[in-house]
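Structural overview
Now for the letters of each chain:
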Amino acid sequence: MSAMNLIDAQAALGFVIAQTSIIEPGVYRTVYPDIQYRDLIPVDTSGSEFATSVTYFSQDQYGKADWINGNADDIPKAGTTRSKFETPVYTAGIGYGYGFEEIGRAQMLGINLSTEDASAARRASEEMVDRVALLGDASKGFTGLFAANGVTPSAAKTGNWASATPVEIIGDLNAGLLNVFNATNTTAISDTQLLDWDSYFLISTTPMSQNSDMTILQWYLANNSYTAATGKPLTLRGIRGLKTAGVGGTSRLISYRKDPSVLKLHMPMPHRFLPAYQSGPLRWDIPGVMRLGGLDVRLPKEVSYIDGL
């Protein structure tokens, strides 16, 4: 029996379609522990899948009450300012496929097609979202969490943590929280902080004092300004990519309030696989597509960068 009799185009396509119904649910259940964005940034999947942009407004207020004369006609006024922003949404793609021989062997032996290429495609889609969310994409005008538009970095008061005292390191960390607190006129405080891994490992292994059983990290998590003010635990994580994210290639401490009103990533069409089709005489492909916007930092005052740790 010839190979062409064993596997004709329509039979192959039907076989691939049946296999994808098994492969895709498993692939989408897979969790990639080193993909960072989902734990750091609220993701908005609402809105039309084919919208060309997402429009939002950032609002601030002004006005101060003051003493006036009982007959005055120049009453101080309060008001709000609203700025309109528009984030474009673009289509990206990554899929997978099977060749003639691969399908033929699977049919002949009664085995399932390999899931590895589908998993690789799915992971590639997550890696792209991770890159856009954290680093941005200059080709689309996007900035990411590590260097967002509208956020002005400041220099660490102490810096050079390798030679700093634990108290000085705590001061730099708390400054990140208080930068947001002071910039918002004490109305908000950071609940999340991100460090490069070297700085994170330093505070997680260095004792708070010579006779202490607590590391700098343990002491800080128990006694930071956010926890003291709210009674809630602070999130502090080590993240790759921050070692050279600061001005002049220095390390950067990021402090922010993790809330959709502060920042969010727009993904109106999360990655999906489309129906299989025959793409050539000996090839059957399964396209994958997604529609992705950039990271919106809607309240820049609630994000703080401190450089030079």
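In case you missed it, the structure is sitting above this.
All of these numbers come straight from a predicted model, not from anything done at the bench.

On to helix α7 (residues 197-205), then. For α7, the complete set of buried residues consists of Ser199, Tyr200 and Ile203. For α7, the angular spread of the buried residues around the axis is 100°, confining them to a single face. Looking at the buried positions of α7, the neighbouring elements they touch are α6 (166-183), β6 (192-195), α8 (216-223) and β7 (235-238). Between the side-chain oxygen of the N-cap and the backbone nitrogen of Asp198 there are 3.1 Å, and the N-cap of α7 in question is Asp196.

The next subject is the packing of aromatic side chains. One pass over the full model with this rule turns up 7 aromatic pairs. Taking 5.1 Å as the distance between ring centres and 80° as the angle between the ring planes, the aromatic pair formed by Tyr96 and Phe273 counts as edge-to-face. Here Phe273 lies in strand β10 (residues 269-273) and Tyr96 lies in strand β4 (residues 96-99), a separation of 177 residues in the sequence. On the basis of relative accessibility, which here comes to 6%, the residue Tyr96 falls in the buried class. Grouping aromatic residues by their ring pairs yields a cluster made of Tyr28, Tyr96, Tyr98 and Phe273. We note Lys140 situated over the ring of Tyr90; from NZ or CZ to the ring centre the distance is 4.2 Å. Across from the ring centre of Tyr305, 4.3 Å away, lies the NZ or CZ of Arg252, which sits over that ring.

Judged by pairing direction, the sheet is mixed, and its 5 strands sit side by side in the order β5-β15-β8-β6-β7 without closing on themselves. Only two strands of the sheet have a single neighbouring strand rather than two, namely β5 (154-155) and β7. Where strand β8 (residues 252-256) lies against strand β15 (residues 303-307), 5 bridges are found, and the strand directions are antiparallel. Looking at β15, one finds that Tyr256 is bridged to Val303.

Cut-offs used in this document
Residues numbered from 1 in each chain as written. Predicted model: local features only at pLDDT ≥ 70, side-chain atom pairs only at ≥ 80, totals over all residues. Heavy atoms only, no water. Buried < 20%, exposed > 50% of the residue type's maximum accessible area, 1.4 Å probe, protein only. Helix = DSSP H or I, 4+ residues; strand = E, 2+ residues; numbered from the N terminus. Arc of directions from axis to C-beta. Contact = heavy atoms within 4.5 Å. Polar contact = N/O pair within 3.5 Å; in protein donor to acceptor, adjacent residues only side chain to side chain. Phe/Tyr/Trp six-rings, centres within 6.5 Å; stacked < 30°, edge-to-face > 60°. Lys NZ or Arg CZ within 6 Å of the ring centre and 35° of its normal. Pairing = 2+ DSSP bridges.

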